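Residue-level structure breakdown
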Amino acid sequence: SRSGGDGHHPIYESCEPCLELVTAKFQAFIKQRNDDQTVFFHAVLRLGFFFMGLGLLFWVFGVILQIGLVAVLAWFSVALGIIVISTCPNEKLDVEHFLQAHPCIRVVVCILVALGAFTHIRKPPHLHVFYCLSYAAAAFRFKTQSSQCPLITTLLALGHGLLLLSHAGLDLFRALGMSSENQDCAMSVWLFWLRTVFYLAGFTTIVFLIWNRPSGNDASSAAQTQMFYTTLYVSLTLAGMGGFAEAAFAYIGGHCVLLEKVLQGVALGTPGSVVLIYGR
């Protein structure tokens, strides 16, 4: 058999342009498919954030007007939005990139959350101010090349933890300010202490997840997205458990169980439960 001066077979040399063409077309096909998937997943995220934004808008009105059922309906809308965005696989979608590419959606959702938190700032020990500031920072955190500036998803994950810390501080302040001499007060004190414990446990878990997130060369969009979702599920599930605990203690104490608290627990616990049962 003959070979060229460089050691390549003549047949290989004649096929090399064809192989390069096939490789280029295959790479273009893969890129086009990934681009199409990204467009589809972004459309799914926009729908999910629409339901979340709508729910948050009703939540703000419910908190301001002190109408419990409006707030409950709002949380069901938020839960639906979270379930919708949870259908996108982590390895196929970079939430950080989506939030950077859609600043209007990010600003509206974050500001609505911050407004809802702002209504609780007047309640001692006023920890909701940090929760409010974390979402405000995420809303106005625009693209920068600085590695010192935290990512939007990191700020939101921190907000999820600060939500639990705010609730823990509120319940702890209530527990310390109540007398346990009469039975009704004693039940309330036990409720507040119980919720304080698992809110603080949730806050510690979220801080641990943020602290141990991949960074530098080890960072990946999938890992960052997974951290964002996990902290979201933890905060909402524990907040929902707080509603269930309040309803349970009311029942044990012989008081009327507030349907609002039961529905709140169901709504907030739904996203995490759906993901746990069916997966992402």
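Nothing here was measured: the structure is a model prediction, and the numbers come from that model.

Here the focus is the packing of aromatic side chains. Summed over all chains, the structure comprises 8 aromatic pairs. Judged by centre distance (5.2 Å) and plane angle (80°), the rings of Phe198 and Tyr199 are edge-to-face. With respect to burial, Phe198 and Tyr199 carry one shared label: buried. On the basis of an interplanar angle of 15° and a centroid distance of 6.1 Å, the ring pair of Tyr229 and Tyr233 is categorised as stacked.

On to the packing of helix 4 (residues 103-118) against helix 5 (residues 128-139). In contact at an axis separation of 8 Å, helix 4 and helix 5 are set at 170° when each is read in the N-to-C sense. If you check the angle between helix 4 and helix 5, you find them roughly antiparallel. Facing helix 4, whose interface residues are Arg106, Val107, Cys110, Ile111, Val113, Ala114, Ala117 and Phe118, helix 5 presents His128, Tyr131, Cys132, Tyr135, Ala138 and Ala139. Residue composition of the contact of helix 4 with helix 5, by class: 12 nonpolar, 1 polar and 1 charged.

What follows is about the nonpolar core. If you look at the biggest cluster of nonpolar residues, it comprises 47 residues, and the most contacted ones within it are Phe49, Trp59 and Leu156. For this core, the secondary-structure elements that each account for two or more residues are helix 1 (10-65), helix 2 (68-85), helix 3 (95-101), helix 4, helix 5, helix 6 (152-176), helix 8 (221-252) and helix 9 (259-278). For this core, the element with the most residues is helix 1, which contributes 9 residues. One finds Ala157, Leu164, Phe198 and Leu238 within the second-largest nonpolar core, a separate group that totals 9 residues.

Tracing the backbone shows Phe40 in helix 1. Separated by 48 residues in sequence, Phe40 and Cys88 place their C-alpha atoms 9.5 Å apart.

Right, let's get into the side chain of Ser77. Residue position: Ser77 is located in helix 2. A distance of 3.4 Å separates a polar side-chain atom of Ser77 from the backbone nitrogen of Gly55. When residues no more than four places from it in sequence are discounted, the contact partners of Ser77 are Phe51, Met52, Leu54 and Gly55.

Side chains of Leu57, Phe61, Ile64, Leu65, Ile67 and Leu69 sit close together on the surface and give an oily, nonpolar patch of about 580 Å² of accessible area. For the nonpolar patch, the element with the highest residue contribution is helix 1, accounting for 4 residues. With respect to the helices and strands, Leu57 occurs in helix 1. Of the residues examined, Leu57 reaches a relative accessible area of 37% and is grouped as partly exposed.

Right, let's talk about the side chain of Thr196 for a bit. Tracing the sequence through the fold places Thr196 in helix 7 (residues 183-211). Apart from residues lying up to four places away in sequence, Thr196 is in contact with Ala168, Asp171 and Leu172.

Moving on, we come to the confidence of the model for the chain. Any region with low pLDDT has predicted coordinates that should not be read closely. For the chain, the mean per-residue pLDDT works out to 81, and 84% of the residues sit at or above 70. pLDDT under 50 marks residues 1-5. Its contacts with residues more than four places away, or in other chains, come to 8 contacts.

We now examine the pattern of salt bridges. The tally for this structure, following the rule as stated, stands at 4 salt bridges. Where Asp171 meets Arg195, a salt bridge forms, and the shortest distance between an N and an O atom there is 2.8 Å. Of this pair, Asp171 sits in helix 6 while Arg195 is found in helix 7, placing the two residues 24 residues apart along the sequence. There is no split in this pair, since Asp171 and Arg195 are both buried. For Glu246, the salt bridge goes to Lys261, with nearest N and O atoms at 3.8 Å. Here Glu246 is found in helix 8, whereas its partner Lys261 is found in helix 9, with 15 residues between them in sequence. A network of salt bridges, in which partner residues are shared, links Asp171, Arg174, Arg195, Glu246 and Lys261.

This part covers the environment of Gly243. Along the chain, the position of Gly243 falls in helix 8. Looking at Gly243, the relative accessible area reads 2%, which means it is buried. Along the chain, Gly243 and Gly269 lie 26 residues apart, while their C-alpha atoms are 9.9 Å from each other.

Calculation criteria
- Residues numbered from 1 in each chain as written.
- Predicted model: local features only at pLDDT ≥ 70, side-chain atom pairs only at ≥ 80, totals over all residues.
- Heavy atoms only, no water.
- Phe/Tyr/Trp six-rings, centres within 6.5 Å; stacked < 30°, edge-to-face > 60°.
- Buried < 20%, exposed > 50% of the residue type's maximum accessible area, 1.4 Å probe, protein only.
- Axes fitted to C-alpha atoms, helices over the stretch in contact; angles between N-to-C directions.
- Helix = DSSP H or I, 4+ residues; strand = E, 2+ residues; numbered from the N terminus.
- Parallel < 35°, antiparallel > 145°, perpendicular 65-115°, else oblique.
- Contact = heavy atoms within 4.5 Å.
- Nonpolar A, V, L, I, M, F, W, Y, C, P; charged D, E, K, R; others polar.
- Core = buried A, V, L, I, M, F, W, Y, C linked by side-chain atoms within 4.5 Å.
- Polar contact = N/O pair within 3.5 Å; in protein donor to acceptor, adjacent residues only side chain to side chain.
- Patch = residues over 30% accessible without salt bridge, like charges linked within 9 Å, V, L, I, M, F, W, Y side chains within 5 Å.
- Areas by Shrake-Rupley, 256 points an atom, 1.4 Å probe, with all protein chains shown as cover.
- Salt bridge = Lys/Arg side-chain N within 4 Å of Asp/Glu carboxyl O.
- pLDDT = per-residue confidence, 0-100.

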